[in-house]
Each structure stands twice: as C-alpha cells, then as structure tokens.
Amino acid sequence: MTPTRRRLLGTGLIGAGAAALSACGTGAGTGTGGPRLLHAADVHPADYPTVHAVNWMGEELGRLTDGRLGIRSFPSGQLGNEDDSIGLARFQAIDICRVAAAALNNAFPETSLLCLPYVFRSVEHMRAVVDGDIGTQLLNVFEGRGLVGLAYYDAAPRSVYNVRRPVYEPADMKGLKIRAPQSDIFLDTVRAMGANPTPLTFGAVFSSLQTHLIDGAENNWPSYQSSRQFEVARYWSDTRHLYSPDALLISKASLDALTPADRDLVRDVARRSVPLMRAEWDKREADARAAVIAAGTQVNEVEMAAFARAVEPVNAKYTTGAGLKPLYEQIAAAA
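Below or above, wherever it landed, is the structure these notes cover. Not measured: the values here are computed from a predicted model.

## Notes on empty space enclosed by the protein
Now for step 1: Within the structure shown, the criterion is met by 1 cavity of 30 Å³ or more.
Now for step 2: Approximately 60 Å³ is the volume found for the largest cavity.
Now for step 3: Around the largest cavity, the lining residues are Ala-40, Ala-41, Asp-42, Thr-50, Val-51, Val-54, Ser-73, Phe-74, Pro-75, Ile-96, Arg-98 and Leu-248.
Now for step 4: Secondary-structure elements contributing two or more residues to the lining of the largest cavity are strand 1 (36-41), helix 3 (49-64), strand 2 (69-74) and strand 3 (96-100).
Now for step 5: No other element matches the 3 residues that helix 3 contributes to the lining of the largest cavity.
Now for step 6: The residue makeup of the lining of the largest cavity, split by class, is 8 nonpolar, 2 polar and 2 charged.

## Digging into helix 7 (residues 184-192)
Now for step 1: Three or more residues of helix 7 are buried, namely Ile-185, Phe-186, Leu-187, Asp-188, Thr-189 and Val-190.
Now for step 2: Its buried side turned inward, helix 7 meets strand 5 (158-162), strand 6 (177-180), strand 7 (196-199), strand 8 (216-219), strand 9 (235-242) and helix 13 (312-317).
Now for step 3: Among the residues trailing helix 7, Gly-194 stands out with phi positive, at a value near 115°.

## Details of the nonpolar core
Side chains of nonpolar character tend, in soluble globular proteins, to be buried together.
Now for step 1: Residues Leu-104, Phe-120, Phe-142, Tyr-152, Met-173 and Leu-249 are the most contacted members of the largest nonpolar core, which totals 59 residues.
Now for step 2: Setting aside chain neighbours within four positions, we find Met-173 in contact with Val-160, Arg-165, Val-167, Ile-178, Met-193, Gly-194, Ala-195 and Phe-307.
Now for step 3: By size, the runner-up hydrophobic cluster in this structure holds 27 residues, among which are Leu-38, Ala-53, Ile-71 and Leu-265.

## A look at the sheet that holds strand 1
The pairing of strands in a sheet comes from backbone hydrogen bonds and takes either a parallel or an antiparallel form.
Now for step 1: Taken in spatial order, the 5 strands line up as 2-1-3-10-4 in an open sheet, and their pairing is mixed. Sheet topology places strand 2 and strand 4 (147-153) at the edges, where each strand pairs with a single neighbour. In this sheet, adjacent strand axes meet at a mean angle of 25° when their direction is disregarded.
Now for step 2: Sheet analysis places strand 1 next to strand 3, joined by 2 bridges and oriented parallel. Along strand 3, the bridge assignment pairs Ala-41 with Cys-97.

## Some words on unusual backbone geometry
Now for step 1: Ala-156 connects to Pro-157 through a cis peptide bond whose omega is 5°.
Now for step 2: Mapped onto the elements of the fold, Pro-157 is located in the loop between strand 4 and strand 5.
Now for step 3: With phi around 60°, Gln-92 is a residue other than glycine that occupies positive phi space.
Now for step 4: Of note, Gln-92 is situated in the loop between helix 4 (82-90) and strand 3.
Now for step 5: Its identity is not glycine, yet Tyr-118 carries a phi of approximately 65°, on the positive side.
Now for step 6: Structurally, Tyr-118 can be placed in the loop between strand 3 and helix 5 (123-130).

## Quick notes on the layout of surface pockets
Now for step 1: In this structure, the largest pocket spans a volume of roughly 480 Å³.
Now for step 2: Together, 32 residues line the largest pocket, and Val-43, Glu-82, Arg-179, Thr-201 and Phe-202 are the ones closest to its centre.
Now for step 3: Looking at the lining of the largest pocket, the elements that each hand over two or more residues are helix 4, strand 3 and helix 9 (221-226).
Now for step 4: Its residues assigned to classes, the lining of the largest pocket comprises 12 nonpolar, 14 polar and 6 charged.
Now for step 5: For the second largest pocket, the lining is made up of 14 residues, of which Val-130, Leu-139, Leu-150, Ala-151 and Arg-271 are closest to its centre.
Now for step 6: Of all elements in the fold, only helix 6 (133-139), strand 4 and helix 11 (260-294) reach the threshold of two or more residues within the lining of the second largest pocket.
Now for step 7: The residue inventory of the lining of the second largest pocket, partitioned by class, reads 6 nonpolar, 4 polar and 4 charged.

## Brief notes about the environment of Ala-316
Now for step 1: Positionally, Ala-316 belongs in helix 13.
Now for step 2: Sequence-wise, Ala-316 and Tyr-328 are 12 residues apart; in three dimensions their C-alpha atoms are separated by 10.0 Å.

Cut-offs applied
- Residues numbered from 1 in each chain as written.
- Predicted model: local features only at pLDDT ≥ 70, side-chain atom pairs only at ≥ 80, totals over all residues.
- Heavy atoms only, no water.
- 1 Å grid on protein atoms, 1.4 Å probe; cavity = no way out; pocket = protein on both sides within 12 Å on 5 of 7 lines; lining within 4 Å.
- Points joined across faces, edges and corners; volume = space filled by probe spheres on them.
- Helix = DSSP H or I, 4+ residues; strand = E, 2+ residues; numbered from the N terminus.
- Nonpolar A, V, L, I, M, F, W, Y, C, P; charged D, E, K, R; others polar.
- Buried < 20%, exposed > 50% of the residue type's maximum accessible area, 1.4 Å probe, protein only.
- Contact = heavy atoms within 4.5 Å.
- Core = buried A, V, L, I, M, F, W, Y, C linked by side-chain atoms within 4.5 Å.
- Pairing = 2+ DSSP bridges.
- Axes fitted to C-alpha atoms, helices over the stretch in contact; angles between N-to-C directions.

Written out as structure tokens, the structure reads:
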C-alpha cells in the first residue's frame, strides 16, 4: 500500500509532496512482513481535530493488531489540495483522505444535500442526520468511483468574513468578492447571498486576502483561526449558512487489499473516531472563536431569515435530480 513513484507518475498526480511520500521508505505493504501503514492526507495542520482523529485511528489500529496495521498522516497540505487528495486516493497512490464535502459535490451529486444552505438548523441537526440512515446512504455513494466512505466529521457552522465591513443582510454583500470552495453549490450559494463568488483552494485564501484578489471568504471558526486569515479579514458576520461536514474516505483498492477482518476493523475504528473528533472540535471551535475575538475580530449577528430566503433558489436547483428531493425533505424534517 505504499505509494510508489511509478504509480504516482502513471496517474499524472505526482507533485512535490507526493514525490516526498513515495520516497519516505516506510516499507509498508512491500511484502517484507513489516507493519502495513495506511497513508492519510489532510490540508489542515497537525494540531487540527481531523488530523488528531485520524492519528487516533492509527494508534487504535496498532493497539488492536499488535502493530501490524497503522496510519501515517501527512497534514498541512503536504500532498496537495483536497482535489489532489481525492484523486490520489482514487488511484491508491494514498490510502485515506479527509476532505470537505464541498470538494465531492461535483463528482458525487448526492453529497450536495449535505451542503445546501440552511438545510441544517444546528450542529445537533446535522449530527443526527449523518449518524442515521441518511448518513449511511450518503457514505455509500463513493464506491463506484474508487473510494469508500468511512465517516463524516464536523466542520461547521460556516459563516462569512471579509476585510471591508460588517455584513447584516444580503444587500451588504453586494460588490464583495468572496472565496468559495471549488464546488458549484458553494459558488451558487455565495452568489445568491449577494456577493461575487471566487473559487480558490483553501491554501490560497490568506495570500488572496492580503493582495485583495478577494475581499473575504466563508468558513468555520477553527479554519479561520488556524489559517490566520483573521489577521487580514477582521469582520466576521455570523451567517451560519452551512453546516456541511467533512468526509473521511479510503481508497477502495486499499480497503479491498486488506483481509475481511481488517476491513471491518478499519471501518469500526473510523466510526469510533467520530465522537472523539467531535469532542475536540467543540473545544477547538470555542477556543478559536475566543482567540480571534481577543485578537480584534469584530463579530456581528445577521438577518438570518433574509439570507435563508435569498438562497431558496439554490436549494430548489440542487434537489431536482433523481431521488434527491425525498432525501432533502427527510433531512429537513429530521429531529
């Protein structure tokens, strides 16, 4: 399961980080009888809750298999952006990736249901959905394209922040260039809220704010704080327009290469990592909010009903596909 340089070159996905990974020399999966290390990619820094959760998975796999299985993490975007991670996992150049649901919307339209603006009323509503039957259905959509869904992690709520002014209602968004992930539904949402959407990777946001290529972005408190975007975009408007989660995925080829017992073990450990991630996420979110406010971020409430009305056409557009409207209605009605 160790990514080889030949495989990476063959898929056309190799970059500086992936080349470094292929030369890391762990000996995993080489037939030498050593421990089998699953390689995991994340754009977030090493101290981020998602990275900690995956590291815990590796420790738990090691404990339960006497060191036969484990995980080696590559955080901080060492292996590229989230689109890169998805491609590398699909072709088994890496084994595991943690990506925002937005990065999956175009390839897996069903995941758009998790990213619809104001479809979730709260974190508790989102967790109830992804922990239930609907969440299971939406974890099963990946296998046709070389991936297997392991779990959903928290990544919300998301709000708007910018370098120019407080935003109270959609009219205040007019003229602002707001970064959105490279997902049609996110771009349409920002546009419906009144701003000019600009698709950029997460790693490009800080410099783009500095150079005024964009005026703002939308994200959660921990990402806003860990990326240090609060240093340049000091107006946070609490739109809470999205509660979209992150997805933890494994290469289908990597999972299939394991024994049936080890496949079940990886799935079980991934499920059990969710409450640990959530506990750390809740603390990290509160700490991040306090830290950026102490550093000078100005926070304001918004006319949330006005924003919800503004994005209604987005929800209508992305629930017209076969089978999506009933699932959307189930999500909206969930306790």
